[in-house]
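What follows is each chain in one-letter form.
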Amino acid sequence: MSTPSRLHRDYWRRGPDYRFGEDRTFAEVRDQFGLAGVRVGAWVSAEEQQLAANLVFDALADLAWVLKVPPWTLGLRGQLQLAFGTRGSPGAQAHYEPATRILALAKNAGGGALAHEFWHAFDHHVAAHLYPGCPPRALASHLWLKRPSLRAHPLNLALAEVFKQALLSEDGQAPSDYVRRAIALDKQLGRPYYSQPTELLARAFESFVQDDREIANPYLVTGTHKSAAAKEGAYPQGQHRRALGQAFGRYFALLGQALARQEQP
C-alpha cells in the first residue's frame, strides 16, 4: 500500500501503485478492464489524454480493489464503453447512456463522478439477470420496486437485499429515512431526481466506495460526507449507511468469488 501521492494539482489518492510509476494509455485502460472501447474527444490534447488515462486507470483499479472483483469484469462482459472529453451533457460531470452502454466523462469536470456512473452501468447490466425479458434500457433498481418476483439465484437475492436496505424501512413496510430525505430534497428542487431508485442506489454505492478504509481516490468518488448535498441528507447516514455498506460488501464478495472461477474473456 502506497502513501498518499500527488497525481495532479487537483487529485490526490491513497492506494496501491498499480502502474509502478509508469504512464498508461487508454488502450491499456480498455484491455486491463475489459472495456468494449474508449473514445477520446478531438479537443483533448496529448497531455490531457495522458493525464486522464492515468487517472482513469488508477480509479478503475481502485474500484476493482474495493469491490473485490477481477479488474476485467468492470467492462461488464465487454459491453461497457468509456468516452472521455466527448459526448458531453450540459451541466453534467459525467453520464451513462443505456442505449449505447457508454460511460462518458467530461474533460474538465468528470472527476469524482466515475463511481456514480459506473453504478448506473452496472445497474443496467444486471437488470436482465434479475428480470429476464425486461426492456433493453431498464435498470434493475427501478424494476425492483415494480416487480417483486425476480429470477431466483444467490447473487440476485443478495443484490435484492441491497435494494431493500436502501429503499425500505427495517420492517420493509415503508420508505427508508434515506428515501424520505430524498423526497424532501426533490420538493426543494421542484422535480423528481434525488428520490428516483436509480439515483438513490447510485449515491448509496458512492458511499460504500468512499467508505473503504484502504482506498481514497477523489477522481473515483468524492462528496458523500462533506459536500452540500451530503449535509442536506442526500446520502445514506449513520447506522443505515453502515448496514448498506455491509449489504454491498456481501453482494460484491459473492460476485467476486463467482467471477474468480471464470477465465478472462
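Scroll up to find the structure this text is about.
Described in the following lines is the structure provided in the data block.

Reading the values: rules and limits
Chains are numbered independently. Their residues run from 1 in the order of the written sequence. Per-residue local features are limited, in this predicted model, to residues with pLDDT of at least 70; the limit for side-chain atom pairs, both in listing and counting, is 80 or more; totals at the level of whole chains, interfaces and linings are taken over all residues. The basis for the side-chain values is all heavy atoms of the structure; hydrogens and waters are excluded. Here a strand is any run of E in DSSP of at least two residues, a helix any run of H or I of at least four, and the numbering for each starts at the N terminus. Expected helix span is taken as 1.5 Å per residue step, with the number of steps being one fewer than the number of residues. Two strands pair under a simple rule: DSSP has to find at least two bridges between them. Structural elements are reduced to axes, namely lines fitted to C-alpha atoms, with helices fitted over the stretch in contact, and the angle between N-to-C directions of any two is expressed from 0 to 180 degrees. Throughout, a residue-residue contact means that at least one pair of heavy atoms, one from each residue, lies within 4.5 Å. Two aromatic rings, drawn from Phe, Tyr or Trp (for Trp, its six-membered ring), form a pair once their centres lie within 6.5 Å of each other, and the interplanar angle then sorts them: stacked below 30 degrees, edge-to-face above 60, tilted otherwise. To sort residues, take the accessible area from a 1.4 Å probe on protein chains only and compare it with the maximum for the residue type: under 20% means buried, over 50% means exposed, and anything in between is partly exposed. By definition, being over a ring means that NZ of Lys or CZ of Arg is both within 6 Å of the ring centre and within 35 degrees of the ring normal.

### Considering helix α2 (residues 46-67)
Side chains three or four residues apart in an α-helix point the same way, a direct result of the helix having 3.6 residues per turn. The end-to-end C-alpha separation of α2 is 31 Å, in line with the 32 Å expected for 22 residues at 1.5 Å each. The positive-phi residue at the C-terminal boundary of α2 is Lys68, with phi of around 60 degrees.

### Concerning the sheet that holds strand β4 (residues 81-84)
Here we have four strands laid out as an open sheet, ordered β3-β4-β6-β5, and mixed in their pairing. Where the open sheet ends on each side, the last strands, each with one partner, are β3 (37-40) and β5 (94-97). The mean inter-strand angle of the sheet, taken between neighbouring strand axes irrespective of direction, is 15 degrees. Sheet contacts for helix α3 (residues 114-130): β5 and β6 (102-105); angle to β5, the most-contacted strand, approximately 10 degrees.

### Structural notes on the packing of aromatic side chains
Each aromatic ring pair is specified by the distance between its two centres and by the angle formed by the two planes. Enumeration according to the criterion identifies 18 aromatic pairs in this entry. A centroid spacing of 6.1 Å and a plane angle of 70 degrees characterise the contact between Phe122 and Tyr251, whose relative ring orientation is edge-to-face. Here Tyr251 lies in helix α9 (residues 238-260) and Phe122 lies in helix α3, a separation of 129 residues in the sequence. Given the relative accessible area of 6%, Phe122 is considered buried. The structure contains a cluster of three or more aromatic residues connected by ring pairs, namely Phe118, Trp119, Phe122, Phe205, Phe208, Phe248, Tyr251 and Phe252. Geometry around Phe57 places Arg24 over its ring, the cationic atom sitting 5.6 Å from the centre.

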